[in-house]
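One-letter residues, chain by chain:
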Amino acid sequence: MFVNRKKSAKDADTSVIVVAAGNAARMGGIDKQFICIGGVPVLIRSLQSFEACPSIRETIVVTKEETIPALQQMAAEYQLQKIRTIVTGGKTRQQSVERGMREIFKESGLVAIHDGARPFVLPEDIEACIAAARQSGAAALGVPAKDTIKQVDNQGRIIATPERQSLYLAQTPQVFSVSVYKNAMAKARAAGLDFTDDCQLLEYAGIPVQMIKGSYSNIKITTPEDLAIAAGLLAYQSGWEEGIE
């Protein structure tokens, strides 16, 4: 376990759990967290965004046991000062988040949960989501759906077309009051339910979540095609072309 117990800024009230414990099945078995985009690993780019946020007091990384040594080395190399600990994930995303929750400071009022495979999240969007969660107790980043969404049955036949103006594509981070999230987690555990999205966990507990408009650049690296999109985004943001290693 990697531990860094440097004091946080006085105005920092939020712990972040970065989940990076997936099995990379849709990436052909390649651990997407350590693929380099413009010379920097995907996971490191995600962590750097939170390093730049004044509201973040600490970062808890949840990953696979075998990747902990490599991540410890990279954290030192990239001088990530807010990483407090790195822990082993569970069998599911919800279990991994729960393990991260055990590690956060007791003084933290909010917890932000982020997919490690979203390397282009903007610090200003993170701060906006945290600010909304301070007011409402639960908030998430997302973007309006650009495409028409079709609902289909189990045979692939279209059965409905939801109004696009009411549809958002959910992103992370998703930010919650620590007490609210723990209560929702306890309800799901008691019912034997396991969710792949933290907002869904809150929905099950009957707790409303405020959607905050984020950025379309906050993509999740999931399949090989996403790497090409990531390279294009980096070139667009940087103003010059950089490749993927």
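What this report covers is the structure whose coordinates are included nearby. All values derive from a computational prediction rather than experimental measurement.

1. A few points about the sheet that holds strand 10 (residues 168-177)
One key point about sheets: their strands pair by backbone hydrogen bonds, in either a parallel or an antiparallel sense. Strand order in the open sheet formed by seven strands is 5-4-1-6-10-7-11, with mixed pairing between adjacent strands. Edge positions in the sheet fall to strand 5 (83-88) and strand 11 (210-213), since each has one partner strand and no second. Between one strand axis and the next, the sheet turns by 25° as a mean value, whatever way the strands run. Two elements, strand 7 (residues 138-144) and strand 10, share six bridges in a ladder whose sense is antiparallel. Across the sheet, the residue bridging to P144 is Y168, located in strand 10. Across the sheet, helix 1 (residues 42-51) touches strand 1 (14-20), strand 4 (56-63), strand 5, strand 6 (110-115) and strand 10, and the angle it forms with strand 4 is around 160°. Lying on the sheet, helix 3 (residues 93-101) is in contact with strand 1, strand 4, strand 5, strand 6 and strand 10; it crosses strand 1 at an angle near 145°.

2. What to know about helix 5 (residues 178-191)
For helix 5, built from 14 residues, the straight-helix expectation of 20 Å at 1.5 Å per residue is met to within 8% by its first-to-last C-alpha distance of 20 Å. All buried positions along helix 5 are accounted for by V178, Y181, A184, M185 and A188. Buried residues of helix 5, seen end-on, are gathered within an arc of 130° and therefore sit on one face of the element. Looking at the buried positions of helix 5, the neighbouring elements they touch are helix 3, strand 6, strand 10 and helix 6 (198-204). A positive phi of about 70° marks G192, the residue just after helix 5.

3. A look at helix 4 (residues 123-136)
The end-to-end C-alpha distance of helix 4 is 20 Å, a good match for the 20 Å that 14 residues give at a rise of 1.5 Å each. Looking at helix 4, one finds that the buried residues are D125, I126, E127, C129, I130, A132 and A133. Within two residues after helix 4, G137 carries a phi angle of roughly 95°, on the positive side.

4. Structural notes on unusual backbone geometry
For the bond from T172 to P173, the omega torsion is 15°, close enough to zero to count as cis. By the element assignment, P173 lies in strand 10. Here Q79, not a glycine, exhibits a phi torsion of approximately 55°, which is positive. The residue Q79 is located in the loop between helix 2 (68-77) and strand 5 in this model.

Conventions we followed
Residues numbered from 1 in each chain as written. Predicted model: local features only at pLDDT ≥ 70, side-chain atom pairs only at ≥ 80, totals over all residues. Heavy atoms only, no water. Pairing = 2+ DSSP bridges. Helix = DSSP H or I, 4+ residues; strand = E, 2+ residues; numbered from the N terminus. Axes fitted to C-alpha atoms, helices over the stretch in contact; angles between N-to-C directions. Contact = heavy atoms within 4.5 Å. Expected span 1.5 Å × (residues − 1). Buried < 20%, exposed > 50% of the residue type's maximum accessible area, 1.4 Å probe, protein only. Arc of directions from axis to C-beta.

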